[in-house]
Amino acid sequence: QELVWVEDQQIFSDALKAHLQQRTAYDVEYRLKNKSGEIVWVRSRGSAIWNSQGEAIRMAGYIQDISDRKEAEAENRRINEYYQAITQRVNEAIIVLDAHGKIGFWNPAAMETFGFSREEAMGMDLHALIAPQRYHEDAYKGLADYFCSGTGPAMGKTVELYGLHKQGHEFPIELSLASIKRGE
């Protein structure tokens, strides 16, 4: 246990005790010092070998270096926090649709602009929620074309039209569409 990083000793100890006392799965991630003194993340999995009296006599398992994965997870968190901070602070409504044309992201400026809370907007049909009825036919056709071909007539352009507020009044908006596929 002296090789286990001081901040992770309790996690390591608790997982081992739970396995030995309750015979739960032993699968824990923690940091330890390697032979060169560097701190590395590891995943330790294993199982005690029990004798006929039900006593643990040794452990069998493995320890895997997961430092690269932990570093990638931390970088992903930093990137997500950065973009989250941007989208939460801009004065422009940012709305993202999922693969089914439903609202999958709704920032505070969208709430301010259209009057719907994030909870009210998430998972809803975008056009039914904030587009005046006269735009629906073209909007649904454009969305269907986009899902089939990956392009659409308004993609990459800024278009002036009207939006629909929660309270029922229309107001002028500038709509800019961009296509971003996951992994880009």
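Scroll up to find the structure this text is about.
Description of the structure in this document. (Residues numbered from 1 in each chain as written. Predicted model: local features only at pLDDT ≥ 70, side-chain atom pairs only at ≥ 80, totals over all residues. Heavy atoms only, no water.)

Right, let's talk about the environment of aspartate 65 for a bit. Tracing the sequence through the fold places aspartate 65 in strand S3 (residues 56-65). The spatial distance from the C-alpha of aspartate 65 to the C-alpha of glycine 104 is 35 Å, given a sequence separation of 39 residues. Here serine 67 takes part through its backbone nitrogen, which lies 2.8 Å from a polar atom of the side chain of aspartate 65. (Helix = DSSP H or I, 4+ residues; strand = E, 2+ residues; numbered from the N terminus. Polar contact = N/O pair within 3.5 Å; in protein donor to acceptor, adjacent residues only side chain to side chain.)

A separate point is helix H1 (residues 9-22). The terminal C-alpha atoms of H1, which comprises 14 residues, lie 19 Å apart, in line with the 20 Å expected from a rise of 1.5 Å per residue. Of the residues making up H1, those classed as buried are Phe12, Ser13, Ala15 and His19. Projection of H1 onto a plane perpendicular to its axis shows the buried side chains occupying an angular sector of 165°, all on one side. The outward face of H1, more than 90 degrees from its buried face, is lined by the exposed residues Gln10, Gln21 and Gln22. Packing partners of the buried residues in H1 comprise strand S1 (26-33), strand S2 (39-50) and S3. Positive phi appears at arginine 23, one or two residues downstream of H1, with a value of about 55°. (Expected span 1.5 Å × (residues − 1). Buried < 20%, exposed > 50% of the residue type's maximum accessible area, 1.4 Å probe, protein only. Arc of directions from axis to C-beta. Contact = heavy atoms within 4.5 Å.)

If you walk across this open sheet you meet the 3 strands as S1-S2-S3, and the pairing is antiparallel. Sheet topology places S1 and S3 at the edges, where each strand pairs with a single neighbour. Taken pair by pair, the neighbouring strands of this sheet meet at an average axis angle of 35°, ignoring direction. Relative to S3, S2 runs antiparallel, the two being bridged by 9 bridges. Bridge pairing in S3 places alanine 48 opposite methionine 59. Together, S1, S2 and S3 form the strand contacts of H1, whose direction differs from that of S1 by roughly 150°. With respect to the sheet, helix H2 (residues 67-89) is in contact with S1, S2 and S3, its orientation differing from that of S2 by roughly 125°. (Pairing = 2+ DSSP bridges. Axes fitted to C-alpha atoms, helices over the stretch in contact; angles between N-to-C directions.)

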